[in-house]
Amino acid sequence: MNSLNIYLFIAALLFSLGIFGVFQRRSLIGMLIAIELMLNAASVNFMAFNRFLAPDPIVGQIYTLFIMGIAAAEAAIALSIIVAVFRRLRSINIERAQELRG
Amino acid sequence: MMKWILFLPELYCLLMAAVFFGLAMIGRPNPRRDYFAALFLTGVSIVVCLACVRLEGTLFFEAYRVDLFSQVFKVMLGMGLFLVVCLCTELNGIEERHHPEFYLFLTTCTLAMMMLVSSVELLTIYVALELSSYSLYILVPLRRGHGIDVEAGVKYLMVGASASAVMLFGLSYIFGVTHTTYIVELIRVLPGVITTPAAIVGLVLTLSGFFFKLAVFPFHFWAPDVYQGAANQVTAYIATASKVAAVAIIMRMVALSGGGSTYLVHVLVTLSIASMTLGNLVAIVQKDMKRLLAYSSISHAGYVLIGILSMSQTGYASAIFYALAYLVMNLCCFLVVVKVAYDGSDLKIAQLAGLHRRSPMLAMALMLAVFGLAGIPPTIGFTGKFLVFAAAMEKGYVTLVIIAMINATISLYYYILVVKAAYLLEPDEEMDRLAVSMPTKLLAGALVTVMVVFGIFPHHLLEVARAAARILM
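Residues numbered from 1 in each chain as written. Chains lettered and ligands numbered in written order. Predicted model: local features only at pLDDT ≥ 70, side-chain atom pairs only at ≥ 80, totals over all residues. Heavy atoms only, no water.

## Things to note about the overall build of chain A
What chain A contains, in helices and strands, is three helices and zero strands. Ordered by position from the N terminus, the helices and strands of chain A form the series α-α-α. A compact globule built from 102 residues should have a C-alpha radius of gyration of about 13 Å, whereas chain A, at 17 Å, is more than 25% larger. Looking at chain A as a whole, 41% of its 102 residues are labelled buried. If you take every contact in chain A between residues at least 6 apart in sequence, the share linking residues at least 24 apart comes to 55%. Accessible surface, chain A as shown: approximately 5800 Å² in total, 66% of it carbon and sulfur. Positive and negative side-chain charges of chain A, numbering 8 and 5 respectively, have mean locations separated by a distance of 10 Å. (Helix = DSSP H or I, 4+ residues; strand = E, 2+ residues; numbered from the N terminus. Rg over C-alpha atoms; globule rule 2.2 N^0.38 Å. Buried < 20%, exposed > 50% of the residue type's maximum accessible area, 1.4 Å probe, protein only. Contact = heavy atoms within 4.5 Å. Areas by Shrake-Rupley, 256 points an atom, 1.4 Å probe, with all protein chains shown as cover. Lys, Arg positive; Asp, Glu negative; His and termini not counted. Charge placed at Lys NZ, Arg CZ, Asp CG, Glu CD.)

## Here we look at the packing of helix α3 (residues 59–89) of chain A against helix α5 (residues 122–139) of chain B
Any two packed helices are characterised by the angle at which their axes cross and by the distance between the axes. Put simply, α3(A) and α5(B) touch, their axes get as near as 11 Å, and they point 5 degrees apart. One finds that α3(A) runs roughly parallel with respect to α5(B). Contact with α3(A), carried on its side by Ile62(A), Tyr63(A), Phe66(A), Ile70(A), Ala73(A), Glu74(A), Ile77(A) and Ile81(A), involves Leu122(B), Leu123(B), Tyr126(B), Val127(B), Glu130(B), Tyr134(B), Tyr137(B) and Ile138(B) of α5(B) and no other residues of that element. (Axes fitted to C-alpha atoms, helices over the stretch in contact; angles between N-to-C directions. Parallel < 35°, antiparallel > 145°, perpendicular 65-115°, else oblique.)

## What about empty space enclosed by the protein?
Residues and elements named next belong to chain B. Applying the stated criterion to the full structure yields three cavities of 30 Å³ or more. If you add up the space inside the largest cavity, you get close to 70 Å³. Taken together, Leu214, Lys243, Val244, Val247, Ser297, His300, Ala301, Val304, Ala323 and Tyr326 form the lining of the largest cavity. Elements with a contribution of two residues or more to the lining of the largest cavity: α10 (232–256), α12 (289–309) and α13 (313–340). Of all the elements, α12 adds the most residues to the lining of the largest cavity, at four residues. Put simply, the second largest cavity is a space of about 50 Å³. (1 Å grid on protein atoms, 1.4 Å probe; cavity = no way out; pocket = protein on both sides within 12 Å on 5 of 7 lines; lining within 4 Å. Points joined across faces, edges and corners; volume = space filled by probe spheres on them.)

## Quick notes on the pattern of salt bridges
Residue and element names in this part refer to chain B. For the structure shown, the criterion picks out 13 salt bridges over all chains. Of the charged contacts, one joins Arg33 and Asp34 as a salt bridge, the two residues approaching to 3.2 Å between their closest N and O atoms. You can call Arg33 partly exposed: its relative accessible area is 29%. Asp34 gets classed as buried once you look at its relative accessible area, which sits at 0%. The salt bridge involving Arg143 is made with Asp346; its shortest N-O contact spans 3.0 Å. In this pair, Arg143 is assigned in the loop between α5 and α6 (148–178) and Asp346 in the loop between α13 and α14 (355–358), connecting sequence segments 203 residues apart. An identical accessibility class is assigned to Arg143 and Asp346; each is buried. (Salt bridge = Lys/Arg side-chain N within 4 Å of Asp/Glu carboxyl O.)

## Comments concerning the environment of Gln61(A)
Residues and elements named next belong to chain A. Locating Gln61 in the fold gives a position in helix α3. Separated by 17 residues in the primary sequence, Gln61 and Val44 place their C-alpha atoms 10.0 Å from one another. The contact partners of Gln61, leaving out residues within four places of it in the chain, are Met47 and Asn50.

## Regarding the environment of Ala353(B)
Residue and element names in this part refer to chain B. Topologically, Ala353 is positioned in the loop between α13 and α14. The buried category is assigned to Ala353, whose relative accessible area is 4%. The residues touching Ala353, leaving out its near neighbours within four places in the chain, are Arg358, Ala421, Leu425, Glu426, Pro427 and Met431.

## Brief notes about unusual backbone geometry
Residue and element names in this part refer to chain B. Following Phe217, the chain continues to Pro218 via a peptide bond in cis, the omega torsion being 0 degrees. Note that Pro218 resides in the loop between α8 (197–214) and α9 (222–229). Residue Pro378 is reached from Pro377 by a cis peptide bond, and omega for that bond is 5 degrees. Structurally, the position occupied by Pro378 is in the loop between α15 (360–374) and α16 (380–394). Of note in the backbone geometry, Glu62 takes a positive phi value of approximately 70 degrees without being a glycine. In this fold, Glu62 is placed in the loop between β1 (57–59) and β2 (64–66).

## What to know about the packing of aromatic side chains
The full count for this structure, using the stated rule, is 23 aromatic pairs over all chains. Consider the rings of Phe382(B) and Phe386(B), whose centres lie 6.2 Å apart with planes at 25 degrees: the pair is stacked. Taken together, the residues Phe382(B) and Phe386(B), both in helix α16 and four residues apart, mark about one turn of the helix. Following the ring pairs from residue to residue traces out a cluster consisting of Tyr134(B), Tyr137(B), Tyr156(B), Phe212(B) and Trp222(B). The cationic tip of Arg51(A) hangs over the ring face of Phe52(A); the distance from NZ or CZ to the ring centre is 5.0 Å. (Phe/Tyr/Trp six-rings, centres within 6.5 Å; stacked < 30°, edge-to-face > 60°. Lys NZ or Arg CZ within 6 Å of the ring centre and 35° of its normal.)

## Overview of the interface of chain A and chain B
Between chain A and chain B, the residue contacts involve 43 residues of the former and 42 residues of the latter. For the chain A and chain B pair, buried surface summed over both sides reaches about 3600 Å², with 78% attributable to carbon and sulfur atoms. The closest approach of N and O atoms between Asp149(B) and Arg88(A), which form a salt bridge, is 3.3 Å. Secondary structure elements with two or more residues in the side of chain A that touches chain B: α1 (4–24), α2 (28–52) and α3 of chain A. By residue number, the principal contributor to the side of chain A that touches chain B is α3(A), which donates 16 residues. (Buried area = accessible area lost by both parts, 1.4 Å probe.)

## Structural notes on the layout of surface pockets
Of the pockets and cavities examined, the largest pocket occupies roughly 590 Å³. Taken together, 20 residues line the largest pocket, and the ones lying closest to its centre are Val22(A), Phe23(A), Met31(A), Val159(B) and Phe221(B). Those elements that place two or more of their residues in the lining of the largest pocket are α1 and α2 of chain A together with α6 and α9 of chain B. With six residues, α6(B) is the largest single contributor of residues to the lining of the largest pocket.

## Regarding the nonpolar core
Within soluble globular proteins, side chains that are nonpolar generally end up buried alongside one another. Residues and elements named next belong to chain B. Membership of the largest hydrophobic core comes to 222 residues, with the highest contact counts inside it found for Phe102, Trp222, Met251 and Ile308. No other element matches the 22 residues that α13 contributes to this core. Listed in part, the five residues of the second largest apolar core include Leu6, Leu59, Tyr64 and Val66. (Core = buried A, V, L, I, M, F, W, Y, C linked by side-chain atoms within 4.5 Å.)

## Digging into the packing of α5(B) against α6(B)
All names here are of chain B. Contact pair α5 / α6: the axes reach a minimum separation of 11 Å and the direction vectors enclose 180 degrees. The angle between the axes of α5 and α6 places the two elements in the roughly antiparallel class. Contacts between α5 and α6 involve Leu122, Tyr126, Leu129, Glu130, Leu136 and Tyr137 on the former and, on the latter, Tyr156, Leu157, Gly160, Ala161, Ser164, Met167, Leu168, Leu171 and Ile174. Taken together, the residues of the contact of α5 with α6 break down into 12 nonpolar, two polar and one charged. (Nonpolar A, V, L, I, M, F, W, Y, C, P; charged D, E, K, R; others polar.)

## Looking at α13(B)
The end-to-end C-alpha distance of α13(B), which contains 28 residues, comes to 41 Å, matching closely the 40 Å that a straight helix rising 1.5 Å per residue would cover. With 26 of 28 residues buried, α13(B) lies mostly within the body of the structure. (Expected span 1.5 Å × (residues − 1).)

By themselves, these observations are geometric and do not establish any function.
See below:
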């Protein structure tokens, strides 16, 4: 159980799920969750590389902490814009936002 | 050692942001006060950036490097911010009570981009990039009452957040392969392992985050919607300053590979050709001026990539020169867009009809800017394209240059359509002369002079660009 490859595999799986979710989901909240999955995949990667390979065992953990903080800020901004979308369109379904074309 | 002086341009930007934050908190809306405060503060910021241009040193445990490369880009960013603020005399696209916040986010975004061009550590790059993106995410939906603004905002947000997540995943692989996060170390270690799949996947994924900022194919599809949906001044900022910062950081990341990877060159060549061709072909059918400029920006991203993928000192220098040329030409275009659509609406190309009679000065500025974008001598756009193509020829990429030349010819068609609308078409109904104020005329005159003079005598600028590019090697 305790090998680098397993963690890398889990991270790649999370990342693929995230990419799939961004393209598949029609709800803005669903897309936001998918993006968070991708960020978490990067965190897992950083922690795994840090644990098994890196000479300085702090770097990966600092990265993960920063990613968590930035993801929180991103969620705040995304949710505020989603609220603005909901007020305007009475829906958070991305298919309702189709005015810009060409 | 007075190390804080190295950080002066950024500190000054932070101060500006604090001032606008204060203005946003107090009292009733006062657009004149906000505008003059912004004009004065950003004007001083150019002086600050110019004063710091010769500084060198490192800060924050080597994570932040101040050198000629970063300082040249900081001057460009300061100039871009100042010129965009100059366009804000009638900021009708944004509600009056939101004006201080508009300036606040412009300055935080500039601050972040200044940090981005100086960062030499992966986490610093990531944080700076996110700060600049978040400011833009908020700026886009600030537009007054259209409904398309929130749609553009949410599209920009979703595409941008996904792109930065992809970039972060790429960064994690680079960290895993090289066990370091400092660019200085990476330049030493990465060329040795560049042939391993993990390294190349990491680098390509990382670059995709920056390609999103530059609107390179396949990360381009936000550009037309965001350009159209955002207020005209915000679009001007996204189209100029943020592109300059993206060019800088892409150069830093590509320089990491040390030129040793043919695979990376192939990826960049493909993306460059795809961006140019797609941007130019789709631009032909556009009716909206800002959408047209969006597609033209996608094709220009392709031209800049030609300079970068040459991975030589001349290549990087030509890309820096091209970024500056693009900044000036595009700002000149947006000056006309903002002034003709003074009520803050979107500008259709047909609405340009009769511009040469409504305002000869603006019509001339538009013509020269558009000819510059098309690459017609003696404008700065021609010189930029010439330098980029020459750098690629030096490396023997003949096919690429021929494709780029064909693309430049295609682009001539839709640029000429714009000039035709402004000079030859007559409007359906008689329209009043545009009231163009004296400062606007001066600004248009100055931009035109810069475009022509530096198009004919590029030597001084090119010397600076060469010196800045030398630091990357």
